[in-house]
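Structural features, examined
This is what each chain is made of:
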Amino acid sequence: MELLLLFLTVVFIVFTGANILYIFSRRGNDLALAENLSIAYGLGVGSISLEMLLLSLFKMKFTFLNLIVPWLILLIFNVIVLSRAGAGFRGTPAPADKRDHKFDLLKGILWAGIILEVFYAFFRALIRPIESYDAVAIYAIKSKIFYLAGSIPADYFTTLAKHFPHPDYPLNIPLIETFVYLTLGGLNDLLVKIIFPLYFVGILILLYFAIRRFAGSTYALVFTFLLATIPQFTAYACNAYVDLPLAYYCFISAILLFEWFRDRSKYRFIVLSAVMAALAGWTKNEGLMYCAAYLLTIIIFLAFNIKKNSVRDYIYVFFSFAIIAAISAPWLFLKKQTGLANVDMGAMDLSPAYLAGNLYKLKPIFYEFQKEMFGPKKWNIFWVVSSVILILRFKSAFSGIRRYVTILLCLMISGYILAYMVSPIDVRYFLAKTWSRFLLHFLPISVYWLALILKEDVEI
């Protein structure tokens, strides 16, 4: 019965996201069905958790009726209004190379490896309860409080939250864990972990189809297999940390943004991209840094193409910025009102004088960077290969659409360097505890970047 309820829970999450995604499809949908479902899952998780936050702000309990009514209303709207307008959910990925359809031994090996890693991720996730220190102390303990209270308690932010590490962390994952507890009817710390390997599968599917848009299926499988077999990536599909969900939101928002850069008639892509970027900020504090890098990338793109920009482009970009602000506002307002601060970053002094006084941190920062990135135990040789390719094809990295992928990655890394410089925590300790996690946040984007760089026979 618990497994049946778990299955229905996942279906409801995907169904919720699909209903929202349907709105973006009213003028066509050129995403594959698997892509739509992968996006719908992450969109559903973020939407349900935001709904739960809003219910708490209005002092409403997490009842089945309260949780389901808004999505039933949306379903009715989609059926009555949008379906008549010809909106569609299932689309076509429209790969650039349609010749690569035959099945061969290499494809079989790659598919077998990817499927094996996926099953192994689910197996490792579901044979143990939530046990990793941060997963329990930062996230799971909050989800249990919310479940037992039937809401976010009125005194949670002023009293309870301050007894646990990082009370200022966003509540996307704790609230969706609470939602799973509610649907299962109890605190099941085994089955609740299904949240995380589903993000893992979603990233792999999105990467495959993103590469299929400019390359053949074998080429896409090679890079999907590459990502699926990186030990650090698979480990975080099982340990209930939020770094993999954050990587998912960063990746899908970036992919959709680059698709809009390629074809600016696809305005629904930049809007949906902005929604997913905002959900990155709702997942972890580092997601807000990603939002800043994301917005700067758009500004740089507009500056490089200033003669090609239309008024409509600027309107949709402004609308996208407004979406990020609107989705981020409830949580940021709540943190401001309750005085929750990030202890890792302190007062965030970004003055030139303060930064100049912390320049000594650059040496240990870059030392730890190279030590982590060139460690095959966690990353195989991915970062080594990426560094060599960047040197050999530096010019290619800054041409066409590749330029903006490179810029986004540079901005994200620069954001982390800045965070390490301004943090009052000992930089060596901070690096040792966090950098291996932070690399995960832009790992899928980096794999996509590598696939772009190595595919020189296609105009991108």
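No experiment lies behind these values; they were computed from the predicted model shown.

**A short note on the overall build of the protein chain**
Looking only at helices and strands, one finds 21 helices and 0 strands in the protein chain. Taken over the C-alpha trace, the protein chain has a radius of gyration of 22 Å; the compact-globule value for 460 residues is 23 Å, and the two agree within 12%. Based on the C-alpha atoms only, the size of the protein chain along its principal axes is roughly 60 × 60 × 50 Å. The buried share among the 460 residues of the protein chain stands at 58%. In the protein chain, 83% of the contacts between residues at least 6 apart in sequence involve partners at least 24 apart. Accessible surface, the protein chain: about 19,800 Å² in total, of which carbon and sulfur atoms supply 70%. Computing the positive centroid from 41 side-chain charges and the negative centroid from 27, the protein chain places the two 4 Å apart.

**So, the pattern of salt bridges**
In this structure the tally under the stated criterion is 9 salt bridges. Its salt-bridge partner being Arg-437, residue Asp-134 comes within 2.8 Å of it at the nearest N-O pair. One end of the pair, Asp-134, is in helix 5 (residues 133-149); the other, Arg-437, is in helix 20 (residues 427-441), and 303 residues separate them in sequence. A relative accessible area of 15% means that Asp-134 is categorised as buried.

**Thoughts on the nonpolar core**
The biggest cluster of nonpolar side chains holds 161 residues, and the ones touching the most others in it are Ile-211, Phe-233, Tyr-420, Trp-435, Leu-443 and Tyr-448. If one sorts the elements of this core by residue count, helix 10 (residues 243-262) sits on top with 15 residues. Contact partners of Trp-435, with chain neighbours within four places excluded, come to Glu-368, Phe-369, Glu-372, Met-373, Tyr-416, Tyr-420, Phe-430 and Phe-442.

**Some thoughts on unusual backbone geometry**
Look at His-166: it is not a glycine, yet its phi comes out positive at around 50°. On the secondary structure map, His-166 appears in the loop between helix 5 and helix 6 (172-184). On the basis of relative accessibility, which here comes to 18%, the residue His-166 falls in the buried class. Despite not being glycine, Ala-240 has its phi angle at roughly 70°, a positive value. Counting through the fold element by element, Ala-240 comes out in the loop between helix 9 (231-235) and helix 10. Judged by its relative accessible area of 0%, Ala-240 is buried.

**Re the packing of helix 7 (residues 195-212) against helix 8 (residues 217-228)**
Axes are the key here: two packed helices are described by the angle between their axes and the distance separating the axes. Viewed as axis vectors pointing N to C, helix 7 and helix 8 meet at an angle of 150°, and their least axial separation amounts to 8 Å. Put simply, helix 7 runs roughly antiparallel to helix 8. Of the two elements, helix 7 crosses helix 8, and the hand of that crossing is right-handed. On the side of helix 7, the interface is formed by Phe-200, Ile-203, Leu-204, Leu-207, Tyr-208, Ile-211 and Arg-212, while helix 8 contributes Ser-217, Tyr-219, Ala-220, Leu-221, Phe-223, Thr-224, Leu-227 and Ala-228. Residues of the contact of helix 7 with helix 8, tallied by class, amount to 12 nonpolar, 2 polar and 1 charged.

**Topic: the packing of helix 10 against helix 12 (residues 285-304)**
For the pair helix 10 and helix 12, interaxial distance at closest approach is 11 Å and the crossing angle is 10°. In terms of axis orientation, helix 10 runs roughly parallel to helix 12. Here Leu-246, Cys-250, Ser-253, Ala-254, Leu-257, Trp-260 and Phe-261 of helix 10 come into contact with helix 12, specifically with Glu-286, Gly-287, Tyr-290, Tyr-294, Thr-297, Ile-298 and Phe-301.

**Describing the state of the cysteines**
For the structure shown, the criterion picks out 0 disulfides. Note on Cys-238: no disulfide assigned, nearest cysteine sulfur contributed by Cys-250 at a separation of 20 Å. No disulfide involves Cys-410; its sulfur sits 16 Å from that of Cys-250, the nearest cysteine. Residue classification places Cys-410 among the partly exposed residues on the basis of a relative accessible area of 39%.

**Digging into the packing of aromatic side chains**
Under the counting rule described, the total for this entry stands at 42 aromatic pairs. Here Trp-111 and Tyr-208 contribute two aromatic rings whose centre-to-centre distance is 6.1 Å and whose plane-to-plane angle is 50°, an arrangement assigned as tilted. Of this pair, Trp-111 sits in helix 4 (residues 105-126) while Tyr-208 sits in helix 7, placing them 97 residues apart in sequence. What makes Tyr-208 buried here is its relative accessible area of 13%. When the centroid spacing of 6.0 Å and the interplanar angle of 40° are considered together, the rings of Tyr-290 and Tyr-294 count as tilted. One end of the pair, Tyr-290, and the other, Tyr-294, are both in helix 12, 4 residues apart, so they sit about a helical turn from each other. Of the two residues, Tyr-290 and Tyr-294, neither departs from the other in class, the shared state being buried. Following the ring pairs from residue to residue traces out a cluster consisting of Phe-366, Phe-369, Trp-379, Phe-382, Trp-383, Tyr-416, Tyr-420, Phe-430, Trp-435, Phe-438 and Phe-442. Taking NZ or CZ as reference, Arg-403 lies 4.5 Å from the ring centre of Phe-304, over its face. For the cation-ring pair, Lys-455 lies above Tyr-219, with the distance from its terminal atom to the ring centre recorded as 5.1 Å.

**Some words on the environment of Lys-308**
Looking at the secondary structure, you find Lys-308 in the loop between helix 12 and helix 13 (311-338). Using a relative accessible area of 63% as the deciding quantity, one classes Lys-308 as exposed. If we ignore the near neighbours within four places in the chain, the residues touching Lys-308 are Arg-264 and Asp-313.

**Considerations on the environment of Phe-374**
Along the chain, Phe-374 falls in the loop between helix 15 (362-373) and helix 16 (376-379). Setting aside residues up to four positions removed in sequence, Phe-374 forms contacts with Trp-383, Val-384 and Ser-387.

**Overview of the confidence of the model for the protein chain**
Residues of the protein chain with pLDDT of at least 70 account for 92%, and the chain-wide mean is 89. The secondary structure element of the protein chain with the lowest average pLDDT is helix 14 (residues 352-357), at 82, and the one with the highest is helix 7, at 97.

**Focus on helix 10**
An ideal rise of 1.5 Å per residue puts 28 Å on 20 residues; helix 10 measures up with 29 Å between its terminal C-alpha atoms. Counting buried residues in helix 10 gives 19 out of 20 residues, a clear majority hidden from the surface.

Procedures and definitions
- Residues numbered from 1 in each chain as written.
- Predicted model: local features only at pLDDT ≥ 70, side-chain atom pairs only at ≥ 80, totals over all residues.
- Heavy atoms only, no water.
- Helix = DSSP H or I, 4+ residues; strand = E, 2+ residues; numbered from the N terminus.
- Rg over C-alpha atoms; globule rule 2.2 N^0.38 Å.
- Buried < 20%, exposed > 50% of the residue type's maximum accessible area, 1.4 Å probe, protein only.
- Contact = heavy atoms within 4.5 Å.
- Areas by Shrake-Rupley, 256 points an atom, 1.4 Å probe, with all protein chains shown as cover.
- Lys, Arg positive; Asp, Glu negative; His and termini not counted.
- Charge placed at Lys NZ, Arg CZ, Asp CG, Glu CD.
- Salt bridge = Lys/Arg side-chain N within 4 Å of Asp/Glu carboxyl O.
- Core = buried A, V, L, I, M, F, W, Y, C linked by side-chain atoms within 4.5 Å.
- Axes fitted to C-alpha atoms, helices over the stretch in contact; angles between N-to-C directions.
- Parallel < 35°, antiparallel > 145°, perpendicular 65-115°, else oblique.
- Left-handed = near helix turned anticlockwise from the far one by under 90°.
- Nonpolar A, V, L, I, M, F, W, Y, C, P; charged D, E, K, R; others polar.
- Disulfide = S-S within 2.5 Å.
- Phe/Tyr/Trp six-rings, centres within 6.5 Å; stacked < 30°, edge-to-face > 60°.
- Lys NZ or Arg CZ within 6 Å of the ring centre and 35° of its normal.
- pLDDT = per-residue confidence, 0-100.
- Expected span 1.5 Å × (residues − 1).

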